[in-house]
Each structure stands twice: as C-alpha cells, then as structure tokens.
Amino acid sequence: MDRSTALRAAAAAVVAAVAFTGCSAVMPGALDQGPPVTLTGAGPGVTSSTVKVVFVGVDLGTTGSSLGFRTADAGDLPAQVKALEEHVNANGGIAGRRLQAVFRSYEASNDSPAAEEKLCNQITQDDKAFAVVLTGQFQSNARPCYASRGTLMLDATLVPNDDATYAKLSPYLWSASYPGYDEFVKALLSTLHGEGFFAGVDAAGVVAADTPVNRAVYARLAEPELRRLGVAPAVSWVDTTDLGTLNAGLNQAVVDFRSRGVARVLFLGGARLASFFLTTAAAQSYTARYAVSSFDNPAFLVNNPGTIPAAALAGMVGVGFNPSQDVPDSRLAFPGGEAERVCLDIFAKGGQSFKTRENARVAFTYCDAALLLHAAAKDLGANLNAAAFARAASALGDRFTPAAGTRGLLGGDRRAAGGGYRVLAYDQGCSCFTYRGEERRFAQ
C-alpha cells in the first residue's frame, strides 16, 4: 500500500467512527431502566401548548475537506427544518400543540461513543426534547441512551436496526424512511441469489460492522441463509469505534479474503464500510465482485472516483430502497411519487428547492419524520407520549409512504416504515447505479 493511499484510507475511517394494551398499561419492550412506559399523560418536551423535536444534521465539512471526498450539497438544513415546522403548525400541529423544531449540527469527524453520549445529554437534558430525528449517529450506545430518557427516536441514519432492537427499545425507536434489518437481509440474499451473484463460487466474504445488532442478525439470518444457498461465508468483523480498530479490521479482511481466494464480497451494517473497504482493497491490489445496497450509500461510491476505483463498481448488484442515494434523476424521474411531491411542496413554501433528488436526501428524511409524527399524533390530545404514538403509528398501516423510500408499511411489530425495494445494479454505460425490474415488498 503506498503511503498516500494508506493515509486516505486511515482518514476515511474517521467518518465510520463518526455510522398494545389498554390505557395506563405498561407497553411491551419497556426498558429495564428508564421512565415508566404508559399510554396516558404527556411525554418529555411536551407542554399544554408546545412540543419540542430536535433534528440532527451531520456536518461533513471537516472530513470532506481532509479526505477530498465529494457529497452533493444537502442545502440549508435549518431552513428545511423551519419549513417543516411551519407546515405542521399550519395544519393542526402535533396533537394540537405547536411544534418547536430545533436544529442541532453534529460534527462527523468527532464521532465517538463519548460524543454520542454528549449529544444525547444535550438533546434530552438541555433541549428536553419529546423526539429526536437522528441522521448520522453510528455508535451502539446512542439509541439506548435516548430510550433510557424516554425520548422518541425517528432514526434516519443509514445504520440498520433489527427487530430485536426495535422490540428492546420499544416504544421509542422508529424509522420513518428505511426498512428493518431482518427483512432487508432476507431480501438482499434472495436478490443476490436470483441475480446469479453466487453462481460459480462456493464462498463469499462478509465485511460486517462489529456491533451487537450485526452479530445477532448475522448469526440468526445471514450465515444460515448463505449456507443454505451453498455458499460458505468468510466473515470479517470490523470494529468501527475508532481509527485504529477500523483500519486494522479492513486490512485484515483483505488479507483473509485474498488468502481464501474469495471472489464475492458483501457488506453488513452500513456505516459506509463498503467505501472504506473498496479503498483499502484497491491499495492492496485485491479485486472481487461486490454486492451493494442503500445502506452502502451507492451515490457516494459513484461521486468519488478519486477514492473509489471504478473497476470495483463493475458488476455490483443488490438491493435499493432509497432513491435519493441510489440512482440519478436521469434513471428515475424527479420528482417521482406523491410522497416526494408533498415534501417538495412543503419545502418550496419555505423557500427551499433542490436541483436533484440527491440534493434532497436529508430533507426527505426530515420530512418523513415530521409527517409521521404529525399523522400519528393527530388524535392523541392530552396523551402525547411515546407509547400512545406507537399505537397510533402502527394503525397507519400502508397509509404512510416515505419520501425517502418507495413504499410504506407499518403495523403489528413493524417500527420501520420502509416497505419496498428494487434490484439495484451498477451500469457501466452511464457510470451510475440503476434500478432493475418492478418494485418488491419487504414483507413478502
């Protein structure tokens, strides 16, 4: 590995370290520690006339300039939050209360378990928020912190949560835009098999973020399914907590895969592991065919040819559920469905516009969170709390469609609204990712 590439790969690691019952009854999934979980009364951050919600925005300025990577401009995030506040308040507020939307910027280069805890303290103790919209909090301690404080989470981070995590942190943890991890893993492996990704090989490398969620899903779903498909998995667990552990994990994965002759590689856990691994692999002249999904931020892979070798993208195939970070507008008309149009109209009234769908990628997740909160809380009245929200949100079923997704589905044990996906593949003709075939449902 040459020194300049090694330094790029090392610096890139910073970003990864930055990844119902009756009234008054206790809800299933209540934490061992934390406030009582009931259907009556008001939650934190709720007064008789207002409700406070914090929207977190990730500042990539320092990391972007130091690494030289490119990301599409996401626009004026505080102004977008203000536009959503104005829309919600003009349409009945949150359970009849005025929404007080607060924007907090979070520096990606400083991400660590300690920084996540500090942010949690700021939002739950200083802001005293009823709900928080998370957009880049990768550390495993973040979500339990908010749940222990009784703060509702609308998670828009490209880090997957499995059914067990949603159940454990119930009723506090939700995703208004993305799917749950269990159904995603099933869909990914089924799609890869159907697309012939494993044809001609008897082993596959798995680069996996070393988190409790990822280990549980790998053991329960991914490993057994790969073996059922006749593929022996070679898993490399990567600790994304800090620069040193991430680099060590990535380099060891490359060494292991090369020594085993692994020619197919997939990624589990998000946190941009794909982009970091591709950079490390290229520096060591390791090549393979790779799987890809929306959790790997495909647009980032295309936008950064200086760090992501074009040859590594050839033959990539997998699952896409987030058009704003999957495909260019030339391959999917923008705006598209009704959910996108509704959100774009809200932002336009607030003076915010977007040249491309990718420019709106953060705004759409903010919009999804605000509109899900608005819709579910509509009739809660005095009982605006996380448990009552959970019951009302579940009742929405397929009537809520995320702008950052392709189909919506809530109800039963589902706490993740993303209900649809399409086959995602790299097209060398346009040097971009495209969708193949018709939309599929995760629930199937």
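- Under the annotation held in an unreviewed UniProt entry, the chain carries the name ABC-type branched-subunit amino acid transport system substrate-binding protein and is attributed to Catellatospora chokoriensis.
- Looking at the Sequence similarities (unreviewed entry) heading of the UniProt record, one finds this comment for the chain: "Belongs to the heat shock protein 70 family."

**Some details on the nonpolar core**
Line of reasoning, step 1. Counting 75 residues, the largest nonpolar core has F55, L384 and F389 as its most contacted members.
Line of reasoning, step 2. Those residues in contact with L384, other than ones at most four positions away along the chain, are G41, A42, G43, V46, V51, I94, A95, R97, F130 and A377.
Line of reasoning, step 3. Ranked by size, the runner-up nonpolar core spans 33 residues in total, among them V213, V217, L268 and A291.

**A word on the packing of aromatic side chains**
Line of reasoning, step 1. If you walk through the whole model with that rule in mind, you get 19 aromatic pairs.
Line of reasoning, step 2. Ring geometry for Y178 against F321: centres 5.8 Å apart, planes inclined by 65 degrees, an arrangement best described as edge-to-face. Of this pair, Y178 sits in the loop between β5 (173-174) and α7 (181-194) while F321 sits in the loop between β10 (317-320) and α13 (338-349), placing them 143 residues apart in sequence.
Line of reasoning, step 3. Residue Y178 is classed as buried on the basis of its relative accessible area of 3%.
Line of reasoning, step 4. A relative accessible area of 1% means that F321 is categorised as buried.
Line of reasoning, step 5. An angle of 65 degrees between the planes, with centres 5.8 Å apart, marks the rings of F267 and F277 as edge-to-face. Residue F267 is located in strand β8 (residues 264-268), and its partner F277 is located in helix α10 (residues 273-283); the two are separated by 10 residues in the primary sequence.

**A word on the environment of E195**
Line of reasoning, step 1. Mapped onto the elements of the fold, E195 is located in the loop between α7 and β6 (203-209).
Line of reasoning, step 2. In this structure, the C-alpha to C-alpha distance between E195 and V423, residues 228 residues apart in sequence, is 8.8 Å.
Line of reasoning, step 3. Setting aside residues no more than four positions away along its own chain, E195 makes contact with V317, V423 and R436.

**Section: the packing of helix α3 (residues 77-90) against helix α14 (residues 361-377)**
Two measures define how a pair of helices packs: the angle their axes make with one another and the distance between the axes.
Line of reasoning, step 1. Interaxial distance between α3 and α14 falls to 10 Å at its minimum, and their mutual angle equals 25 degrees. When the axes of α3 and α14 are compared, the pair comes out roughly parallel. Classified by chirality, the crossing of α14 by α3 is right-handed. Contacts between α3 and α14 involve L77, Q80, V81, L84, H87 and V88 from the former and V362, A363, Y366, C367, A370, L371 and H374 from the latter.

**What to know about unusual backbone geometry**
Line of reasoning, step 1. Residue P171 is bonded to the preceding S170 through a cis peptide linkage, with omega at 5 degrees.
Line of reasoning, step 2. Relative to the helices and strands, P171 is located in the loop between α6 (163-168) and β5.
Line of reasoning, step 3. Of the consecutive residues F334 and P335, the connecting peptide bond is found in the cis state with omega at -5 degrees.
Line of reasoning, step 4. Although it is not a glycine, S431 sits at a positive phi angle of roughly 50 degrees.
Line of reasoning, step 5. Tracing the backbone shows S431 in the loop between β11 (420-427) and β12 (432-441).

Rules of the game
Residues numbered from 1 in each chain as written. Predicted model: local features only at pLDDT ≥ 70, side-chain atom pairs only at ≥ 80, totals over all residues. Heavy atoms only, no water. UniProt positions renumbered as here; feature names shortened; annotations may be inferred. Core = buried A, V, L, I, M, F, W, Y, C linked by side-chain atoms within 4.5 Å. Buried < 20%, exposed > 50% of the residue type's maximum accessible area, 1.4 Å probe, protein only. Contact = heavy atoms within 4.5 Å. Phe/Tyr/Trp six-rings, centres within 6.5 Å; stacked < 30°, edge-to-face > 60°. Helix = DSSP H or I, 4+ residues; strand = E, 2+ residues; numbered from the N terminus. Axes fitted to C-alpha atoms, helices over the stretch in contact; angles between N-to-C directions. Parallel < 35°, antiparallel > 145°, perpendicular 65-115°, else oblique. Left-handed = near helix turned anticlockwise from the far one by under 90°.

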